[in-house]
Amino acid sequence: PGATPSPLAPGAGVPVSPHQHILAGKDDPAPSSAVTPTSTIRLTFTLSRPPESEAAFQHLLAEQQDSTSPQYHHWLTPSQIGEQYGPTVHDLSTLTDWLVSQGLSVREVAPSGIFIQVEGSAASISTALDTDLRYIPRTAPPGLAPRIAATRDPAIPSSFANLVDAIQGLSR
């Protein structure tokens, strides 16, 4: 297996897009404060299938709906989908090893291999993804807790650019 990518130097990663943060497009955002570094944040990484696997998977889905196909209503389990159409074991292992090396805990890898749930401190997540997390006050209705928002797009090592499709949980 290949080596686990090292930590990112600020500004050295590849942005994960599309990622829409709360502050996007605002000329004068509301005052904000840094998220407490020890706050626990949970994220879900959505992964991409290799193009040939995605094409084969889309073909299977079409055949499963075609009553003339031998695959008609021949459903697969999430594990079977992962084994046949998901990211490779090597890719999953390299990404989860990198996440752990960044101080994050891998909570679950979905059987399909398309989702990885991680948890970590706000400080670890900010460092790993080269972004800042801020509390953004809500204006209505009164009394709501502030939102957490990434102030810039998260970044990952370039070796994961074709694997990581999105990161959910950075703005909520």
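Scroll up to find the structure this text is about.
Residues numbered from 1 in each chain as written. Predicted model: local features only at pLDDT ≥ 70, side-chain atom pairs only at ≥ 80, totals over all residues. Heavy atoms only, no water.

Brief notes about the sheet that holds strand β4 (residues 105–109)
Where strands meet in a sheet, backbone hydrogen bonds hold them as pairs that are either parallel or antiparallel.
Next, step 1: The strand order β4-β5-β3-β9 describes an open sheet built from four strands, whose pairing is antiparallel. Each edge of the open sheet is held by one strand with a lone partner, namely β4 and β9 (164–168). For this sheet, the mean angle separating the axes of adjacent strands, direction not counted, is 25°.
Next, step 2: Where strand β3 (residues 40–47) meets β9, four bridges bridge the pair, whose relative direction is antiparallel. Counterpart to T46 in the pairing with β9 is A166. (Pairing = 2+ DSSP bridges. Helix = DSSP H or I, 4+ residues; strand = E, 2+ residues; numbered from the N terminus. Axes fitted to C-alpha atoms, helices over the stretch in contact; angles between N-to-C directions.)

So, the pattern of salt bridges
Proximity of charged atoms lets side chains of opposite charge pair with each other.
Next, step 1: Summed over the entire model, instances satisfying the criterion amount to five salt bridges.
Next, step 2: With a closest N to O distance of 2.9 Å, E119 and R107 form a salt bridge. Linking E119 in strand β5 (residues 115–121) with R107 in strand β4, this pair joins segments that are twelve residues apart in sequence.
Next, step 3: Accessibility expressed as a relative area gives 13% for E119, which makes it buried.
Next, step 4: A salt bridge links D132 to R152; the shortest N-O distance between them is 2.9 Å. Placement of D132 in the loop between α4 (122–128) and β6 (133–136) and of R152 in the loop between β7 (147–150) and β8 (155–156) is noted, with a sequence separation of 20 residues between them.
Next, step 5: Connected via shared salt-bridge partners are R42, R107 and E119. (Salt bridge = Lys/Arg side-chain N within 4 Å of Asp/Glu carboxyl O. Buried < 20%, exposed > 50% of the residue type's maximum accessible area, 1.4 Å probe, protein only.)

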